[in-house]
Amino acid sequence: MSIATAMEPTPPSGDGWRTELRATLRLSWPLAAANLLQMLTYAIDVIFIARLGEDQLAASALAIALFGLVLWALSGLTGAVAPVAAAELGERAPALRPVRRTVRMALWLALFSGVAGIGLCLLLGPLMQVTGQEPQIIAMAIEYNSLLVLSLVPMLFCNVLRSFVSTLDRPIFATAITAGGIFVNALANYAFIFGNLGAPELGLQGAAVATILTTLTTLGAYVVAIRVDPKLHRYRVFGRWWSPDWARFMHIVRVGTPIALTITAEAGIFGAAAFLMGNIGASELAAHTVALQIAALAFQVPFGVGQAATIRVGYFYGARDPEGVKRAGWTAIIVGTGFMALTALAMVVIPKPLIAIYVDPWDPKNAVLVGFALQYIVIAAAFQLFDGMQAVAAGALRGLQDTRIPMWIAAFAYWIPGIGTALVLGFYTPLAGIGVWIGLATGLTVAAALLGWRWHRREALGLTRHPLNA
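None of the values given here were measured: they were computed from a predicted structure. (Residues numbered from 1 in each chain as written. Predicted model: local features only at pLDDT ≥ 70, side-chain atom pairs only at ≥ 80, totals over all residues. Heavy atoms only, no water.)

*Asks:* Any details on the nonpolar core? Residues and values, ideally.
*Replies:* If you look at the biggest cluster of nonpolar residues, it comprises 74 residues, and the most contacted ones within it are Leu-89, Val-99, Val-103, Tyr-144 and Phe-164. Setting aside anything within four residues of it in sequence, one finds Tyr-144 in contact with Ile-49, Ser-60, Ala-63, Ile-64, Leu-204, Ala-207 and Ala-208. (Core = buried A, V, L, I, M, F, W, Y, C linked by side-chain atoms within 4.5 Å. Buried < 20%, exposed > 50% of the residue type's maximum accessible area, 1.4 Å probe, protein only. Contact = heavy atoms within 4.5 Å.)

*Asks:* Residues and numbers for unusual backbone geometry, please.
*Replies:* In this model, Ala-93 is joined to Pro-94 through a cis peptide bond whose omega is 5°. Here Pro-94 shows up in the loop between α4 (81-92) and α5 (96-121). Its identity as a non-glycine residue notwithstanding, Ala-95 has a phi of 50°, on the positive side. Here Ala-95 lies in the loop between α4 and α5. Ala-95 sits in the buried class, given a relative accessible area of 6%. Despite not being glycine, Ala-432 has its phi angle at roughly 50°, a positive value. Following the sequence through the fold, Ala-432 ends up in the loop between α17 (404-427) and α18 (433-456). Under the relative-accessibility criterion, Ala-432 is labelled partly exposed at 23%. (Helix = DSSP H or I, 4+ residues; strand = E, 2+ residues; numbered from the N terminus.)

*Asks:* Describe the side chain of Arg-104, with residues and values.
*Replies:* Within the fold, Arg-104 resides in helix α5. For the buried Arg-104, no salt bridge exists, and the shortest N-O distance to an oppositely charged side chain is 6.3 Å, to Asp-245. (Lys, Arg positive; Asp, Glu negative; His and termini not counted. Salt bridge = Lys/Arg side-chain N within 4 Å of Asp/Glu carboxyl O.)

*Asks:* Account for the packing of α5 against helix α12 (residues 246-280), naming residues and giving values.
*Replies:* In helix packing, the relevant descriptors are the interaxial angle and the interaxial distance, both defined with respect to the helix axes. Two elements in contact, α5 and α12, have axes separated by 9 Å at closest approach and are oriented at 65°. Comparing the axis directions of α5 and α12 gives the class roughly perpendicular. The handedness of the crossing between α5 and α12 is right-handed. Across from Pro-98, Arg-101, Thr-102, Met-105, Ala-106, Trp-108, Leu-109 and Phe-112 in α5, the residues of α12 making contact are Trp-246, Arg-248, Phe-249, Ile-252 and Val-253. Class assignment for the residues of the contact of α5 with α12 results in 10 nonpolar, one polar and two charged. (Axes fitted to C-alpha atoms, helices over the stretch in contact; angles between N-to-C directions. Parallel < 35°, antiparallel > 145°, perpendicular 65-115°, else oblique. Left-handed = near helix turned anticlockwise from the far one by under 90°. Nonpolar A, V, L, I, M, F, W, Y, C, P; charged D, E, K, R; others polar.)

*Asks:* An account of the pattern of salt bridges is requested, with residue identities and associated values reported.
*Replies:* In the structure shown here, the tally under the stated rule is eight salt bridges. One salt bridge in this structure joins Glu-91 and Arg-320, with 3.5 Å as the shortest N-O distance. You can see Glu-91 sitting in helix α4 and its partner Arg-320 sitting in the loop between α13 (282-318) and α14 (322-349), a full 229 residues away along the chain. Glu-91 gets classed as partly exposed once you look at its relative accessible area, which sits at 27%. Connected via shared salt-bridge partners are Glu-88, Asp-245 and Arg-248.

*Asks:* Before we move on, could you go through the packing of helix α9 (residues 171-194) against helix α10 (residues 204-228) and cite the residues and values that matter?
*Replies:* Between α9 and α10, the shortest axis-to-axis distance is 8 Å and the interhelical angle comes to 150°. The angle between α9 and α10 places the two elements in the roughly antiparallel class. For the crossing formed where α9 meets α10, the hand is right-handed. Here Phe-173, Ala-174, Ile-177, Gly-181, Val-184, Asn-185, Ala-188, Asn-189, Phe-192 and Ile-193 of α9 lie close against α10, whose contacting residues are Gly-206, Ala-207, Val-209, Ala-210, Thr-211, Leu-213, Thr-214, Thr-217, Thr-218, Ala-221, Tyr-222 and Ala-225.

*Asks:* Report on the packing of aromatic side chains, specifying residues and quantitative values.
*Replies:* Within the structure shown, the criterion is met by 12 aromatic pairs. Centroid distance Trp-108 to Phe-112: 6.1 Å. Interplanar angle 70°. Geometry classified as edge-to-face. Taken together, the residues Trp-108 and Phe-112, both in helix α5 and four residues apart, mark about one turn of the helix. Looking at Phe-112, the relative accessible area reads 41%, which means it is partly exposed. Each residue in the set Trp-108, Phe-112, Trp-246 and Phe-249 is aromatic and connected to the rest through ring pairs, giving one cluster. The ring of Phe-194 is capped by Arg-51, whose NZ or CZ atom sits 4.9 Å from the centre of that ring. Arg-458 extends its terminal NZ or CZ atom over the ring of Trp-455, reaching a point 4.5 Å from the ring centre. (Phe/Tyr/Trp six-rings, centres within 6.5 Å; stacked < 30°, edge-to-face > 60°. Lys NZ or Arg CZ within 6 Å of the ring centre and 35° of its normal.)

Encoded structure:
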């Protein structure tokens, strides 16, 4: 069976760029939509928790800061199932047994890494004490975190199954299931935080209960979707779940570990930027948060395109089709960068309506915040193209299972020219907050240039040569 059967309608070669564009868009938009919906899920948590008070909101923010970083990194680790399974499909679709074993080992990895991640998250208390947080905030954050961590392993299971259904050309399931989770999350928050609908009133801990229920519901929805859909069910990914394949397990770890470290490096630069802005001033930090949220909202689309690039490139990599690899990667880069050109234009032309998503830019009490945010958004518009390019280029390279060197590229770009520029311009020139944002733009630009160069030189560097052909 050919790759055309596994990923209709694009054949391994000879069908042109137009067909590849259709296939990329068909795979990208549900993933991008799911990413945006996931952000909405987190926003709903904030909306409900904010009604409890500033202390509760601060406590949840501290817990989420650590939990979110661990979750994001481990999602990159377990998400390596996508390029590995895609290559197996490209090599010998439908590849029932290889894909089944790959997904099974990815679920094992989700369990093992999730348990370790829980251990890291439980260090929140000592971390807050070292950083000098207020005692009542520490107490509330620990109570909230002690329940929240129970959702980590199911979340990683969901990540593996989302990657599986997307690789098998069913990304719409990810969109629909994430959308359904929004309603479950809102209802559970309403019930357990405030004691409505016959539920106990748990306050901040109720938000953690809502997260657990939403995650379990989402996991159940993925299981049902996989069992009901004939194409997915034939892989029987839950069969013989106890049977190990350690060689495949270690292969996923080798591909996924650099991805997790790359994510940590990228998340770290934005976390560090927040601390830098906090040292400059409270208004600057608030404006930075708003501007960064707008940039993050726009980023979800090229992030989805990058996920699609990983799958599309992975198919052709497994099929040993360098022309297909070329088309898939460049098409995704053009789509992702093109979208970010539109968002950059919007940031320049209509910045205040964008700010209005988060705060009222016409309220006089927000004048200082909005003034800084408008300055930062202009810089964000300037690096939108590079942010989109680096995200999609990294995704395309992951499709070639090339993750180690991109990890070093990211670590260098973000932390040497990126944070280095932010420190110098932010604290040793009058630019202050603008200097920090120029540093962020510098890091993203360097990352985009180096990752783009590596993608352009993929054949000369031997990245398109399948290991079995080496």
